[in-house]
Amino acid sequence: MKILFITMLAGFLSLFGGDLHLFSVPNADGKINAAVIEKALEANGFVISANSEMNGPFKIQFGQSDFAQFNLLTAFHKNLSESLVKTHPDGGIFVPMGFGIYQRSGEKEFHVSILSAEAMAKIAGFKAPEFALIEKEALSTLKKALPGAKVTMSKAALPAVGALLSRYVRPSDAKSWAADKEEVEMMIEDGLKPAGFVMSNFTDYNFVLGEKSPFDFYDTYSICKLKVIYTVAKTAPEAAAFAPCTLMVYKKKDADEIVMGFPGVYNWMSSARVSDPEGKAALLQAQKDFEVVLQSTVE
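Parameters at a glance
- Residues numbered from 1 in each chain as written.
- Predicted model: local features only at pLDDT ≥ 70, side-chain atom pairs only at ≥ 80, totals over all residues.
- Heavy atoms only, no water.
- Helix = DSSP H or I, 4+ residues; strand = E, 2+ residues; numbered from the N terminus.
- Rg over C-alpha atoms; globule rule 2.2 N^0.38 Å.
- Contact = heavy atoms within 4.5 Å.
- Areas by Shrake-Rupley, 256 points an atom, 1.4 Å probe, with all protein chains shown as cover.
- Lys, Arg positive; Asp, Glu negative; His and termini not counted.
- Charge placed at Lys NZ, Arg CZ, Asp CG, Glu CD.
- Phe/Tyr/Trp six-rings, centres within 6.5 Å; stacked < 30°, edge-to-face > 60°.
- Buried < 20%, exposed > 50% of the residue type's maximum accessible area, 1.4 Å probe, protein only.
- Lys NZ or Arg CZ within 6 Å of the ring centre and 35° of its normal.
- Arc of directions from axis to C-beta.
- Salt bridge = Lys/Arg side-chain N within 4 Å of Asp/Glu carboxyl O.
- Pairing = 2+ DSSP bridges.
- Axes fitted to C-alpha atoms, helices over the stretch in contact; angles between N-to-C directions.
- Core = buried A, V, L, I, M, F, W, Y, C linked by side-chain atoms within 4.5 Å.

1. Comments concerning the overall build of the protein
- When helices and strands are counted, the protein shows 11 helices and 11 strands.
- Against the globule reference of 19 Å for 299 residues, the protein gives a C-alpha radius of gyration of 19 Å, in line with a compact fold.
- Oriented by its inertia axes, the alpha-carbon framework of the protein measures out at about 60 × 50 × 40 Å.
- Put simply, of all contacts in the protein between residues at least 6 apart along the chain, 77% involve residues at least 24 apart.
- Counting every atom, the protein has about 13700 Å² of accessible surface; 58% of that belongs to carbon and sulfur.
- Of the charged side chains in the protein, 30 are positive and 34 negative, and the gap between their average positions amounts to 7 Å.

Here is the structure:
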């Protein structure tokens with residue numbers, strides 16, 4: 001009876017939407033690709049941070065790919081992201097945000113996955129009107145770019161087994177912040193390489209904010225680990241919405257600390273329902289390696 005109840009409950013919960021918007025559109029001829037999405041985003045107020053084609057790296061490192069197309073595209077809405085970060089600095093974990101783009105080999109449909117506004121709020125740990133506004137602009141853009149696409153929500157998220165936001169703080173002040181920034185970012189960049197991480201993009205977001213920025217500095221790194229993406233994509237390609245991970249590093253002018261943070265891999269396991277042992281192992285190792293790098297900057 002207990003097993004029957006759990007099974008019925010799981011089926012009932014799956015009727016409700018999850019954390020990811022999923023677009024699917026016929027593409028047997030392969031004419032729709034990541035360039036179409038990039039062009040549409042640029043025309044609708046988004047700034048492209050990176051559009052990384054992954055099939056080449058997959059084939060070089062692993063000797064094969066399950067996909068005809070697999071791209072990790074990251075972008076941020078110029079006006080709305082500025083408003084978000086000025087009012088909620090930790091919102092920078094979505095500057096840029098991810099657009100997972102994929103089509104399996106032999107498949108006739110093209111797919112795009114993005115986070116919902118509710119998922120962004122859940123991960124960041126706060127609600128902000130900009131999340132819904134950014135979601136609205138992203139959905140509108142994708143619907144224009146992919147006319148006739150079927151739009152659904154992913155299945156209900158699994159319970160999170162760890163912190164959705166990994167956040168670290170290092171003391172700093174008006175006199176030392178420039179030297180502290182240089183040391184912290186050097187330690188991050190030097191620490192990521194040996195652990196197998198790749199930086200696909202770096203954004204000096206303070207430059208984007210301009211002279212009226214409330215920050216001494218605000219940088220974001222787009223970080224990925226090829227083995228993680230390749231392994232997880234085999235069972236949950238929609239998790240590409242989380243890749244590459246955005247690491248924020250900033251200091252507010254009126255604060256005495258440098259803040260670092262990134263969405264933890266527990267989001268992949270929860271929102272994208274990654275439950276296979278190989279995928280979970282790759283994710284948890286990446287989380288451990290990333291935490292070691294950031295912990296070293298605050299000790």
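Having seen the structure, we can now continue with the description.
2. Concerning the packing of aromatic side chains
- Here the structure, examined in full by the defined rule, presents 18 aromatic pairs.
- Ring geometry for Phe67 and Phe70: centres 4.8 Å apart, planes at 65°, overall edge-to-face.
- Looking at Phe67, the relative accessible area reads 4%, which means it is buried.
- Phe70 sits in the buried class, given a relative accessible area of 1%.
- Between Phe70 and Tyr102, the ring centres sit 6.4 Å apart and the planes meet at 35°, which makes this aromatic pair tilted. Here Phe70, found in strand β3 (residues 67-77), pairs with Tyr102, found in strand β4 (residues 97-104); they are 32 residues apart in sequence, far enough to count as distant. Across this residue pair, the class does not change: Phe70 and Tyr102 are buried.
- Here the aromatic cluster, defined as three or more aromatic residues joined through ring pairs, consists of Phe58, Phe62, Phe67, Phe70, Tyr102 and Tyr230.
- When the ring centre of Phe217 is taken as reference, the NZ or CZ atom of Lys181 above it lies at 5.4 Å.
- The ring centre of Phe197 lies 4.9 Å from the NZ or CZ of Lys225, which sits over that ring.

3. Regarding helix α2 (residues 34-42)
- Buried within α2 are the following residues: Ala34, Ile37, Ala40 and Leu41. Projection of α2 onto a plane perpendicular to its axis shows the buried side chains occupying an angular sector of 125°, all on one side.
- Where α2 is buried, its residues touch β2 (46-53), β3, β4, β5 (109-115) and α6 (129-145).

4. As for the pattern of salt bridges
- Across all of its chains, the model carries 10 salt bridges by this definition.
- Residues Lys86 and Glu82 are paired through a salt bridge, measuring 2.9 Å at the closest nitrogen-oxygen approach. One end of the pair, Lys86, and the other, Glu82, are both in helix α4 (residues 78-87), four residues apart, so they sit about a helical turn from each other.
- When its relative accessible area of 33% is taken as the criterion, Lys86 is described as partly exposed.
- You can call Glu82 partly exposed: its relative accessible area is 21%.
- Between Lys181 and Asp219 there is a salt bridge; the shortest N-O distance is 3.5 Å. Here Lys181, found in helix α7 (residues 177-192), pairs with Asp219, found in strand β9 (residues 215-224); they are 38 residues apart in sequence, far enough to count as distant.
- A relative accessible area of 22% means that Lys181 is categorised as partly exposed.
- Taking relative accessible area as the criterion, Asp219 reaches 1% and is therefore assigned buried.
- Each member of the salt-bridge network shares a partner with another, and the members are Arg170, Asp180 and Glu183.

5. As for the sheet that holds β9
- Spatially, β7-β11-β10-β9-β8 is the arrangement adopted by the five strands of the open sheet, whose pairing is antiparallel. A strand with exactly one partner marks an edge of an open sheet, and here the two such strands are β7 (165-171) and β8 (198-204). Between one strand axis and the next, the sheet turns by 15° as a mean value, whatever way the strands run.
- Examined bridge by bridge, β9 and strand β10 (residues 245-252) share eight bridges and lie antiparallel to one another. Opposite Tyr221, over in β10, you have Leu247 as the bridge partner.

6. Considerations on the nonpolar core
- Formed by 98 residues in total, the largest nonpolar core has its most connected members in Ile37, Phe70, Phe99, Phe131, Leu146 and Trp268.
- Once residues within four sequence positions are removed from consideration, Ile37 is found in contact with Leu73, Ile101, Phe110, Val112, Leu142, Ala145 and Leu146.

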